Amino acid sequence: MLSDHDLEAALKRYRVAEPPSGLGPAIVEGAARAERESKYEWIWGPAAAAAIVALWLSVQIAMAEEPVDPVREAEVAFIAESLGGGEDARAYAELIVPKQPIVDPSRVFEEEPWQER
Amino acid sequence: MLAQTVAGLYEAYGPRLYRYAVLLLADRAAAEDALQDVFLQIARALDRGGFDVTFAYLATTVRNTCYSALRRRRRRSEVAEPILEAASPEATEEERMMIDQALKTLPAEQREVVYLKVFEGLTFQEIADRCDVSINTAGSRYRYAMQSLRRALSPGVSRAE
């Protein structure tokens, strides 16, 4: 029966394999690549934030409704009701009531274009 | 700069860490992968903020990486590539193959203790500290490992005079 001493002596006749010659260069290359990649990491945060803001703005713009002209709306409702109401009557009323440009009351007292100072 | 630092660490500790990983994993290719993972982790950590990288820190990281790899490994891989090389004129190929195979059949925890005791020359207290176990556990693992190796090797290993 082998003693612990004999067994250890047997084990010490051998050594664990050495690393292959390419391992060191591969490890150093990995570190160099990590260093290169980290130099551009700072861009992604602000770029992502800018993309989110742009997306939010475009959604807000798309969701913005046309300003409602209350006078026209009343005319459309009157005509639709005169025609008997319902979706078809409404659609017809929308077609025949012209859309007027909405006048900004704040500009009413501005000078007319043909007036000169 | 970072690459130079890592190159210096590999030169100082790489081969010793590789041998540790080979014994833990009983697989040279897996040990190469483990070491590349560890040094990449170290490179990224150094890049975020410098800190003192010691051998003890690296050894612990290698150990943790190897045990994670062992947990992910579904079953023991039948690796033909030897993990031992001859280191003495008394070494024989037949004996090397027997010891190689016997080590591969040990549980990783026992193989680790054998490596640290026989090949690194650590005391049982140092082994206990490295493995984060009690000195009694380190001793037990070594005893069981030696019993298994003795059973596997007795007929074929030459006795010292």
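Report on the accompanying structure.

Each value, and the rule that gives it
Residues numbered from 1 in each chain as written. Chains lettered and ligands numbered in written order. Predicted model: local features only at pLDDT ≥ 70, side-chain atom pairs only at ≥ 80, totals over all residues. Heavy atoms only, no water. Phe/Tyr/Trp six-rings, centres within 6.5 Å; stacked < 30°, edge-to-face > 60°. Helix = DSSP H or I, 4+ residues; strand = E, 2+ residues; numbered from the N terminus. Buried < 20%, exposed > 50% of the residue type's maximum accessible area, 1.4 Å probe, protein only. Lys NZ or Arg CZ within 6 Å of the ring centre and 35° of its normal. Contact = heavy atoms within 4.5 Å. Buried area = accessible area lost by both parts, 1.4 Å probe. Salt bridge = Lys/Arg side-chain N within 4 Å of Asp/Glu carboxyl O. Polar contact = N/O pair within 3.5 Å; in protein donor to acceptor, adjacent residues only side chain to side chain.

Structural notes on the packing of aromatic side chains
Residues and elements named next belong to chain B.
- The final tally for this structure, using the stated rule, is five aromatic pairs over all chains.
- Aromatic side chains Tyr-20 and Tyr-115 sit 5.8 Å apart centroid to centroid with 15° between the ring planes, which places their arrangement in the stacked category. Separated by 95 residues along the polypeptide, Tyr-20 in helix 1 (residues 2-25) and Tyr-115 in helix 5 (residues 108-119) bring together distant segments of the chain.
- When its relative accessible area of 2% is taken as the criterion, Tyr-20 is described as buried.
- For Tyr-115, a relative accessible area of 2% translates into the label buried.
- Between Tyr-115 and Phe-119, the ring centres sit 6.0 Å apart and the planes meet at 25°, which makes this aromatic pair stacked. Of this pair, Tyr-115 and Phe-119 both sit in helix 5, four residues apart, which is roughly one turn of the helix.
- Put simply, the rings of Tyr-20, Tyr-115 and Phe-119 touch in pairs and so form one group of aromatic residues.
- We note Arg-16 situated over the ring of Phe-55; from NZ or CZ to the ring centre the distance is 3.9 Å.
- One cation-aromatic arrangement involves Lys-117 over Tyr-142; the distance from NZ or CZ to the ring centre is 5.6 Å.

A closer look at the interface of chain A and chain B
- In this assembly, 30 residues from chain A lie in contact with 47 residues from chain B.
- Summing the contributions of chain A and of chain B, the shared interface buries around 3,600 Å²; its carbon and sulfur component is 67%.
- Counting every contact that joins chain A to chain B gives five salt bridges.
- Salt-bridge contacts for Arg150(B) lead to Asp4(A); the nearest nitrogen and oxygen are separated by 2.2 Å.
- The interface formed by chain A and chain B holds twelve residue pairs in polar contact (both at pLDDT 80 or more) in total.

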